[in-house]
Amino acid sequence: MGMRFLERISAAAESVVQRLREGMKAGVLSFPLTSFQEDGSLDLESYRTYLTAQVATAPGALFPACGTGEFSALNEDEYRAVIEVAVTAADGRLPVVAGIGYGWAQALRFARIAEEAGADALLVMPHYLVAAPQDGLVEQLRRIAAGTRLPLIAYQRGQVVLTADSVRRIAQIPSVIGLKDGHSDLDRLQRLTFAAPDGFLFFNGASTAEIQARAYATVGVPAYSSAVHAFAPEIAGAFFTALRDGDDTAVDTLLRDFYIPLVELRDRVPGYAVSLVKAAARLRGLPVGPVRAPLTDPCPADLAALEQILDTGLDLVGVRRRHTA
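This structure is a prediction, so every number in the text was calculated from the model and none was measured. (Residues numbered from 1 in each chain as written. Predicted model: local features only at pLDDT ≥ 70, side-chain atom pairs only at ≥ 80, totals over all residues. Heavy atoms only, no water.)

Participant: Is there a simple way to explain the packing of helix H4 (residues 76-90) against helix H5 (residues 104-117) in this structure?
Facilitator: When two helices pack together, you describe them by how their axes are tilted relative to each other and by the distance separating the axes. Contact pair H4 / H5: the axes reach a minimum separation of 9 Å and the direction vectors enclose 35°. For the element pair H4 and H5, the recorded crossing hand is right-handed. Contacts between H4 and H5 involve Glu76, Tyr79, Arg80, Ile83, Glu84 and Val87 from the first element and Gln106, Arg109, Phe110, Ile113, Ala114, Glu116 and Ala117 from the second. Residues that form the contact of H4 with H5 fall into these classes: 7 nonpolar, 1 polar and 5 charged. (Axes fitted to C-alpha atoms, helices over the stretch in contact; angles between N-to-C directions. Helix = DSSP H or I, 4+ residues; strand = E, 2+ residues; numbered from the N terminus. Left-handed = near helix turned anticlockwise from the far one by under 90°. Contact = heavy atoms within 4.5 Å. Nonpolar A, V, L, I, M, F, W, Y, C, P; charged D, E, K, R; others polar.)

Now the structure itself:
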């Protein structure tokens, strides 16, 4: 592909790539929740407390205001505050990758806010509503890249499905440093990894990514985001360590007794991929509050099922849950 990937990107982008690569080897990627009060307003003080606890578990990187963080429910002023708190909490110890999205013009508004707030990079989430051809998907990233100094990670999920040729093209954009995949089409993903230059980052972004972590690793994508880390870093950390160390017995036990029951509960109701995570965090006594509409909090029966699954997972890793009222 001509000039090597790391030779094409800026020194700042190369630094972020190296920090992310080191973080991906050391731990899961944290996608923190955003704290709201019961009336739906942003609760920055609780968010600050929650993020401090997340950072203390030493994740590989911090991805605030992304899908788990209810990016689409935040206005621009709230978004700025969320990113500023995340940058302060990280305190340079781990990279902060802020979520941006919608069409390129609106994405750039969020990108500039994240840049001013001190974020290290941006995760470009799927654009709003419309299906688009490959040329348009590539142009979307080009236009965002032209308007910010921050490195970009593309996120293919929903209506965004990149071809191998498109990955070659976006990898030529100097500030695009990686791709997060949420489709779990391993045949396609393998083709994308071969199309990308050496050094280009890939992330497993499947919902409850641990379920498919071994499969993703077989096609060269071992790094993954962990929604479980948002409420049970002990479980997420134990799974990461077992997977890294090849402890198949521990991996299988956690998958069978915790992760698969969690996914089966998640699949009952649209939006539970976030709502259950927030409910589980509240069960742990973490100050995250409710979800914002259009998401809804779990019904009592599902909440009781979640509590049982959570207790099982914590028992598996030797942690006793502090029960909340």
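Continuing now.
Participant: Whenever I open this one, the sheet that holds strand E3 (residues 97-100) confuses me. Can you help?
Facilitator: Think of a sheet as strands paired side by side through backbone hydrogen bonds, with each pair either parallel or antiparallel. Reading across the sheet, the 5 strands line up as E3-E4-E5-E6-E7 and stay open at both edges, with parallel pairing between neighbours. Here the strands that pair on one side only, and so sit at the sheet edges, are E3 and strand E7 (201-204). Each neighbouring strand pair of the sheet contributes to a mean axis angle of 25°, computed without reference to strand direction. In this structure, strand E4 (residues 121-124) lies alongside strand E5 (residues 152-156), joined through 3 bridges in parallel fashion. Within E5, the position partnered with valine 124 by the bridge is alanine 154. The sheet contacts of helix H2 (residues 11-26) involve E3, E4, E5, strand E6 (176-181) and E7, and relative to E7 the element is tilted by about 40°. Here helix H6 (residues 134-146) sits on the sheet and contacts E3, E4 and E5; the angle it forms with E5, its principal contact strand, is near 155°. (Pairing = 2+ DSSP bridges.)

Participant: Is there a simple way to explain the environment of aspartate 257 in this structure?
Facilitator: Residue position: aspartate 257 is located in helix H11 (residues 248-266). As a C-alpha pair, aspartate 257 and threonine 312 span 55 residues in sequence and 7.2 Å in three-dimensional space. When residues no more than four places from it in sequence are discounted, the contact partners of aspartate 257 are Thr312 and Leu316. Within the structure, aspartate 257 has its side chain in polar contact with the side chain of arginine 256 (distance 3.2 Å). (Polar contact = N/O pair within 3.5 Å; in protein donor to acceptor, adjacent residues only side chain to side chain.)

Participant: Sorry, what's going on with the pairing of E3 here?
Facilitator: Two faces belong to every sheet, and in a regular strand the side chains alternate between them. Burial along E3 is two-sided: Val97 and Gly99 and Ala98 and Ile100, pointing in opposite directions, are all buried. As paired strands, E3 and E4 are joined by 4 bridges and run parallel to one another. Following the sheet pairing, isoleucine 100 is matched in E4 by valine 124. Note on the crossover from E3 through H5 to E4: the handedness is right-handed. (Buried < 20%, exposed > 50% of the residue type's maximum accessible area, 1.4 Å probe, protein only. Right-handed = clockwise from strand over helix to strand, strands pointing away.)

Participant: Mind showing me how you'd approach the side chain of glutamine 54 here?
Facilitator: Among the secondary structure elements, glutamine 54 is positioned in helix H3 (residues 44-56). You can call glutamine 54 buried: its relative accessible area is 3%. Each residue touching glutamine 54, except ones within four places of it in the same chain, is listed here: Ser30, Pro59, His229 and Ala230.

Participant: How do you make sense of the sheet that holds strand E2 (residues 61-62) when you look at a structure like this?
Facilitator: Ordered by their spatial adjacency, 3 strands build an open sheet running E2-E1-E8, and the pairing between neighbours is parallel. A single partner strand is all that each edge strand has here, and the edge strands are E2 and strand E8 (225-226). Here 2 bridges tie strand E1 (residues 29-30) to E8, and the two strands are oriented parallel to one another. From the neighbouring strand, serine 30 faces E8, where its bridge partner is serine 226.

Participant: It is not clear to me how the environment of arginine 266 should be interpreted in this structure. Could you clarify?
Facilitator: Its location among the elements puts arginine 266 in helix H11. Between the alpha carbons of arginine 266 and aspartate 39 there is a distance of 25 Å; along the sequence they are 227 residues apart. Residues in contact with arginine 266, not counting those within four places in the same chain, are Ser207, Thr208, Tyr272, Ala273 and Leu276. Only 2.7 Å separates the side chain of arginine 266 from the side chain of threonine 208, close enough to count as a polar contact.

Participant: Is there a simple way to explain the layout of surface pockets in this structure?
Facilitator: By rolling a water-sized probe across the atoms, one finds the places where empty space is left. Computed from the structure, the largest pocket encloses a volume of approximately 1000 Å³. Breaking the lining of the largest pocket down by element, the ones donating at least two residues are E8, H11 and helix H12 (272-283). Looking at the lining of the largest pocket element by element, the count peaks at 5 residues for H12. Classifying every residue of the lining of the largest pocket by side-chain character gives 24 nonpolar, 13 polar and 5 charged. Forming the walls of the second largest pocket are 15 residues, and the residues nearest its centre are Met24, Lys25, Val221, Pro222 and Ala223. Breaking the lining of the second largest pocket down by element, the ones donating at least two residues are H2, E7 and helix H10 (233-245). Residues belonging to the lining of the second largest pocket are distributed by class as follows: 11 nonpolar, 1 polar and 3 charged. (1 Å grid on protein atoms, 1.4 Å probe; cavity = no way out; pocket = protein on both sides within 12 Å on 5 of 7 lines; lining within 4 Å. Points joined across faces, edges and corners; volume = space filled by probe spheres on them.)

Participant: How do you make sense of the packing of aromatic side chains when you look at a structure like this?
Facilitator: Each aromatic ring pair is characterised by the separation of its centres together with the angle its planes make. Under the definition given, this model contains 12 aromatic pairs. Ring geometry for phenylalanine 258 against tyrosine 259: centres 4.8 Å apart, planes inclined by 80°, an arrangement best described as edge-to-face. Classification of phenylalanine 258 by relative accessible area gives buried; the value is 1%. By relative accessible area, tyrosine 259 is classed as buried at 0%. An aromatic cluster of at least three residues, connected via ring pairs, comprises Tyr224, Phe239, Phe240, Phe258 and Tyr259. (Phe/Tyr/Trp six-rings, centres within 6.5 Å; stacked < 30°, edge-to-face > 60°.)

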